[in-house]
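Each chain is listed here by its residues.
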Amino acid sequence: MTEDIDGNAVAADIRESLAEGIETLEAEGVTPGLATVLMSDDPASETYVSMKQRDCEEVGINGIHVEIDPDAPAEELYDTIDDLNADPEVHGILVQMPVPDHVDDRQVLRSIDPIKDVDGFHPENVGRLVAGNDRYRPCTPHGVQKLLEAYDIETEGADAVIVGRSNIVGKPLANLLLQKAPDGNATVTVCHSRTDDLEAKCRNADILVAAAGMPEFIDAEMVGEGATVIDVGINRVDADTEKGYELVGDVDYDSAKQQADYITPVPGGVGPMTRAMLLYNTVKAAGLQEDVDVELP
Ligand code: NDP
């Protein structure tokens, strides 16, 4: 029997525990603050940012939102980041990616004060994570770890195969699962578009993570019997719906389910966890900056 991994339920538990952390901060006179910065008119980016702001409001985080004209000079974004770095009410800063082509995204990431870098993409935080001394784990990979933990899926000794090597999902997740730690200790294989015999590598996985941005390309043929399948993918495909599209993952859910013991649906799997872990990092950031001991889930 295959079990669905319910990301909505796990994310709700995390949000509930974070509410206690926020109460602890409030008792010390601290309201955690998250600033989101949007320099884009892409509808998907606008939706992501507004969902993040709504999440903040629901749990009692002070959400600050800054919009910058996508045609404005890059300096306007850097100046905004400088202001937010200096603002004591802002504990976390998130610049919604992608930024326009005339803005250097690496410089954007470097400009954010590492202690406020709740996405965990500043080189200092990336280095810390690789060295096993992480400060902020990037939200999606951390969310995947929390899903595995919630369903008692052992990573220790497991063969974990990750399809995708991006800086935001594949690479940080590979590093986290590799760490000498109870939620790591896996043997990790990272696959990408040049990987030879992807099918065989995927079939060998105890834990298979799909993060390639390819709609429903992982099917039963690529899933070993009894595997755990984590579908990070979120792809818009044309469909006869009101919006004209629907969201599908990188995994062909109905097919992969024939082989998997555990599987995440899309939507309702990794997506809600990414959002919850951003709140987690913001609460952690407030605790670190205000020197308040906050218990985190
Ligand atoms: P990127 O496009 O940055 O990276 C995709 C990776 O997949 C690359 O490493 C690429 O290889 C690899 N890849 C592409 N095609 C194949 C293939 N046919 N076989 C093997 N590997 C392949 O994507 P992201 O990491 O940013 O995102 C991945 C997916 O996850 C997307 O659908 C995105 O929308 C979703 N996502 C979901 C989130 C959530 O909260 N659930 C959060 C972030 C992303 P190469 O490096 O060789 O090009």
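Heads up: the structure comes first, above all this text.
Residues numbered from 1 in each chain as written. Predicted model: local features only at pLDDT ≥ 70, side-chain atom pairs only at ≥ 80, totals over all residues. Heavy atoms only, no water.

Participant: For a positive patch on the surface, give the residues involved together with the corresponding values.
Facilitator: On the surface, a cluster of positive charge is contributed by Arg-106, Arg-110, Arg-165, Lys-171 and Arg-194. Looking at the element boundaries, Arg-106 is found in helix α4 (residues 105-111). (Patch = residues over 30% accessible without salt bridge, like charges linked within 9 Å, V, L, I, M, F, W, Y side chains within 5 Å. Areas by Shrake-Rupley, 256 points an atom, 1.4 Å probe, with all protein chains shown as cover. Salt bridge = Lys/Arg side-chain N within 4 Å of Asp/Glu carboxyl O. Lys, Arg positive; Asp, Glu negative; His and termini not counted. Charge placed at Lys NZ, Arg CZ, Asp CG, Glu CD. Helix = DSSP H or I, 4+ residues; strand = E, 2+ residues; numbered from the N terminus.)

Participant: If you had to explain the pattern of salt bridges to someone new, which residues and values would you point to?
Facilitator: Across all of its chains, the model carries seven salt bridges by this definition. Notably, a salt bridge pairs Arg-275 with Asp-55, separated by 2.8 Å at the nearest N-O pair. Here the residue Arg-275 occupies a position in helix α10 (residues 270-290), and Asp-55 occupies one in helix α2 (residues 43-59), the gap between them amounting to 220 residues. Under the relative-accessibility criterion, Arg-275 is labelled partly exposed at 24%. (Buried < 20%, exposed > 50% of the residue type's maximum accessible area, 1.4 Å probe, protein only.)

Participant: Describe in detail the site of the ligand, supporting the description with residues and values.
Facilitator: Surveying the vicinity of the ligand reveals 21 residues, the closest of which are Arg-165, Ser-166, Ser-193, Val-232 and Thr-274. Measuring from an oxygen atom of the ligand, one finds a side-chain N or O atom of Thr-274 at 2.7 Å. It is α10 that provides the largest number of residues to the shell around the ligand, a total of three residues. Class assignment for the residues of the shell around the ligand results in ten nonpolar, ten polar and one charged. (Near = heavy atom within 4 Å. Polar contact = N/O pair within 3.5 Å; in protein donor to acceptor, adjacent residues only side chain to side chain. Nonpolar A, V, L, I, M, F, W, Y, C, P; charged D, E, K, R; others polar.)

Participant: So, the sheet that holds strand β7 (residues 207-210): which residues are in play, and what are the values?
Facilitator: Taken in spatial order, the six strands line up as β1-β11-β8-β7-β5-β6 in an open sheet, and their pairing is parallel. Of all the strands in the sheet, the pair left with one neighbour each is β1 (3-4) and β6 (187-191). Contacts between helix α7 (residues 170-178) and the sheet are confined to β5 (159-163), β6 and β7, with β5 contributing the most and set at about 170 degrees to the helix. (Pairing = 2+ DSSP bridges. Contact = heavy atoms within 4.5 Å. Axes fitted to C-alpha atoms, helices over the stretch in contact; angles between N-to-C directions.)

Participant: So what's going on with the side chain of Asp-55? Which residues, and what values?
Facilitator: Assessed through its relative accessible area of 6%, Asp-55 is described here as buried. Aside from chain neighbours lying at most four places away, what touches Asp-55 is Arg-275 and Leu-279.

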